[in-house]
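Structural description and commentary
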Amino acid sequence: MQQRTVGFIGAGNMTQSIIRGLVASGYPADAIIASNRSEGKLNALNADLGIQITTDNNDVLRQSDVVVLSVKPQMMADMLSACDASLVSDDMVFMSIAAGLPLQRLAEMLPAAQKWVRAMPNTPSAVGLGMTGLYGNPHVTQADQALCNELMSAVGETLWVENEAQIDGVIAAAGSSPAYFFLFLEAMQAEAEKMGFSHQQARVLVQQAMRGAAEMVMQNPDTEISTLRTNVMSKGGTTAEAVNTFIAGGLPELVSKSMQAAVTRAQQMSKQL
Ligand SMILES: NC(=O)c1ccc[n+]([C@@H]2O[C@H](COP(=O)([O-])OP(=O)(O)OC[C@H]3O[C@@H](n4cnc5c(N)ncnc54)[C@H](OP(=O)(O)O)[C@@H]3O)[C@@H](O)[C@H]2O)c1
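Residues numbered from 1 in each chain as written. Predicted model: local features only at pLDDT ≥ 70, side-chain atom pairs only at ≥ 80, totals over all residues. Heavy atoms only, no water.

**Overview of the overall build of the protein chain**
For clarity, the threshold we go by: Labels follow the DSSP assignment, with helices taken as runs of H or I lasting at least four residues and strands as runs of E lasting at least two, numbered in each case from the N terminus. Summary of the burial criterion: residues with accessible area below 20% of their type's maximum are buried, those above 50% are exposed, and those between are partly exposed, where the area comes from a 1.4 Å probe applied to protein chains only. Note on areas: Shrake-Rupley with a 1.4 Å probe; residue coverage comes only from the protein chains shown. Asp and Glu are treated as the negative residues and Lys and Arg as the positive ones, with His and the ends of the chain left uncounted. Charge coordinates come from a single atom per side chain, which is NZ of Lys, CZ of Arg, CG of Asp or CD of Glu.
Along the backbone of the protein chain there are 12 helices and eight strands. Oriented by its inertia axes, the alpha-carbon framework of the protein chain measures out at about 70 × 40 × 35 Å. Relative to its full complement of 273 residues, the protein chain shows a buried share of 40%. Accessible surface, the protein chain: about 15100 Å² in total, of which carbon and sulfur atoms supply 55%. Seen as two clouds, the 17 positive and the 25 negative side-chain charges of the protein chain have centres 7 Å apart.

Structural data, given as structure tokens:
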């Protein structure tokens, strides 16, 4: 693929994960530029990876083919309004990873930009196992999509959605869901402790079980997850007893209600920001 310059505005946690992943996957460091309000994070990125750095966001606009907008959502309007719009060309792709900011709002903040992509990564991106949902407006070409995909693939898997509203579903299913699993593990760890295991022993028990279960799901893509579950539920056995208790307690309905609550909150946030 033709090497295009990728710029990041905001060099916080998510940007650092993406840049580290990109460089590790072979993207040339001299084709990456990042800006940030303060210098500390930039100096570390430059020293570790050799990317270009600046505290002037307009330098990123001057040099980049794709600009990743990675400041906190509530800071986006101020940041974009301070940019020099004359540096924006029709060919530049703007990819926002800010949670809860719809493309229409972003376009109002920077009307000069034509090509917009909204990306929704999740926190496991920090360990290279992220899941990112992406949506591009009609100005975004297949080549633009391929480059944005390459960026987010540096920190995990990607899924392009066909309409922007589906990004809220991505938030419910992948953006927020690591916390659902953490809650489940916390509850299991606490119960294992009540059964007499130390805090650390309980953690090892539940984390390794989770990791093994996740690996089985990954390694058996053609097997339904429900089949993996029923395979370990012998009739009258311990697993069946526990799983049936979950089902009788309404776990599937509670998961559905909780995911809908995430979607509703995402819709509310889109209107507030
Ligand atoms: N972390 C995640 O897992 C995750 C998941 C999904 C989406 N996101 C989205 O990703 C974006 C970044 O999140 P993050 O966790 O990386 O946040 P973060 O660590 O707080 O990084 C934000 C960075 O933006 C910089 N900044 C603020 N205003 C700026 C300006 N006007 N010009 C240049 N830089 C500016 C800040 O600089 P200072 O250090 O000087 O304050 C900070 O380094 C957010 O919009 C968030 O919603 C994050």
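**Observations regarding the environment of His199**
The test is simple: Contact between two residues is taken to exist if any of their heavy atoms lie within 4.5 Å; hydrogens are not considered.
With respect to the helices and strands, the residue His199 is situated in helix α9 (residues 199–219). Non-local contacts of His199, meaning those with residues more than four positions away in its chain, are made with Gln189 and Glu193.

**Description of the side chain of Arg118**
Operational definition: Pairing of N or O atoms within 3.5 Å defines a polar contact, subject to two protein rules: one partner must be a possible hydrogen donor and the other a possible acceptor, and residues neighboring in sequence count only if both atoms are side-chain atoms.
The residue Arg118 is located in strand β6 (residues 115–120) in this model. Accessibility expressed as a relative area gives 3% for Arg118, which makes it buried. Among the polar contacts listed, one links the side chain of Arg118 to the backbone oxygen of Leu101, at a separation of 3.3 Å.

**Observations concerning the sheet that holds strand β1 (residues 6–9)**
Hydrogen bonds between backbone groups are what pair the strands of a sheet, and the pairing can be parallel or antiparallel. The condition that has to hold: The criterion for strand pairing is that DSSP finds at least two bridges linking the strands in question. Interaxial angles span 0 to 180 degrees and are taken between N-to-C directions of axes, which are lines fitted to C-alpha atoms, for helices over the stretch in contact.
Read across the open sheet, the eight strands follow the order β3-β2-β1-β4-β5-β6-β7-β8; overall the sheet is mixed. The sheet is open, and its two edges are formed by β3 (52–54) and β8 (156–160), each paired on a single side. Between one strand axis and the next, the sheet turns through 20° on average, direction left out of account. When β6 meets strand β7 (residues 130–136), the two strands line up antiparallel, connected through four bridges. Bridge pairing in β7 places Val117 opposite Gly136. Seen against the sheet, helix α2 (residues 40–49) touches β2 (32–35) and β3 and runs at an angle of roughly 165° to β3.

**Notes on the pairing of β8**
Our working definition: Note on handedness: a clockwise path from strand one over the helix to strand two, with the strands aimed away from the viewer, defines a right-handed crossover.
Sheet topology places β7 next to β8; five bridges connect them, and they run parallel. From the neighbouring strand, Leu134 faces β8, where its bridge partner is Trp160. A crossover links β7 with its parallel partner β8, the connecting element being helix α6 (residues 142–153), and its sense is right-handed.

**Side note on the packing of aromatic side chains**
To keep things clear, this is the line we draw: Pairing of aromatic side chains requires ring centres within 6.5 Å, counting the rings of Phe and Tyr and the six-membered ring of Trp. Pairs whose planes differ by under 30 degrees are stacked, by over 60 edge-to-face, and all others tilted.
Under the counting rule described, the total for this entry stands at two aromatic pairs. For the pair Phe94 and Trp116, a centre-to-centre distance of 5.5 Å together with 40° between the ring planes defines the contact as tilted. In this pair, Phe94 sits in strand β5 (residues 93–96) while Trp116 sits in strand β6, placing the two residues 22 residues apart along the sequence. Residues Phe94 and Trp116 agree in their burial class; the two are buried. Here the aromatic rings of Phe184 and Phe246 are separated by 5.5 Å at their centres, their planes lie at 40°, and the arrangement is tilted. Linking Phe184 in helix α8 (residues 177–194) with Phe246 in helix α11 (residues 238–248), this pair joins segments that are 62 residues apart in sequence. The exposure class of Phe246 is partly exposed, given its relative accessible area of 39%.

**Considering the domain arrangement of the protein chain**
For interface size, the figure often reported is the accessible area lost on association. What counts is decided by this rule: What fixes the domain bounds is an automatic or database domain assignment.
Split by domain assignment, the protein chain resolves into domain 1 (6–164) and domain 2 (177–271). Each of domain 1 and domain 2 has a C-alpha centre, and the two are 33 Å apart.

**Let's talk about the pattern of salt bridges**
The line we're drawing: Should a side-chain nitrogen of Lys or Arg be within 4 Å of a carboxyl oxygen of Asp or Glu, the pair is scored as a salt bridge.
Inspection of every chain in the model, using the stated rule, returns seven salt bridges. The partner of Arg105 in a salt bridge is Glu108, and the shortest N-O contact between them spans 2.9 Å. Of this pair, Arg105 and Glu108 both sit in helix α5 (residues 103–109), separated by three residues, roughly a single helical turn. The partly exposed category is assigned to Arg105, whose relative accessible area is 26%. We classify Glu108 as partly exposed; its relative accessible area is 48%.

**Some points on the site of the ligand**
The following threshold applies: By convention in these notes, a residue is near a molecule or strand provided one of its non-hydrogen atoms lies within 4 Å of it. The residue classification treats Ala, Val, Leu, Ile, Met, Phe, Trp, Tyr, Cys and Pro as nonpolar and Asp, Glu, Lys and Arg as charged. All others, Gly included, are polar.
Close to the ligand lie 22 residues, the nearest being Asn36, Arg37, Ser38, Lys41 and Val71. In this structure, Asn13 approaches the ligand through a main-chain N or O atom, which is 3.0 Å from an oxygen atom. Of the residues belonging to the shell around the ligand, the class tally is 10 nonpolar, nine polar and three charged.

**Let's talk about α2**
Short version of the rule: By construction, the arc corresponds to the directions joining the helix axis to the C-beta atoms.
Residues of α2 that are buried: Leu42, Leu45 and Leu49. Looking straight down α2, one finds that the buried residues subtend no more than 70° of arc, so they occupy a single side. The outward face of α2, more than 90 degrees from its buried face, is lined by the exposed residues Gly40 and Ala47. Looking at the buried residues of α2, the elements they touch are α1 (13–24), β2 and β3. Of the residues trailing α2, Gly50 is marked for its positive phi of about 80°.

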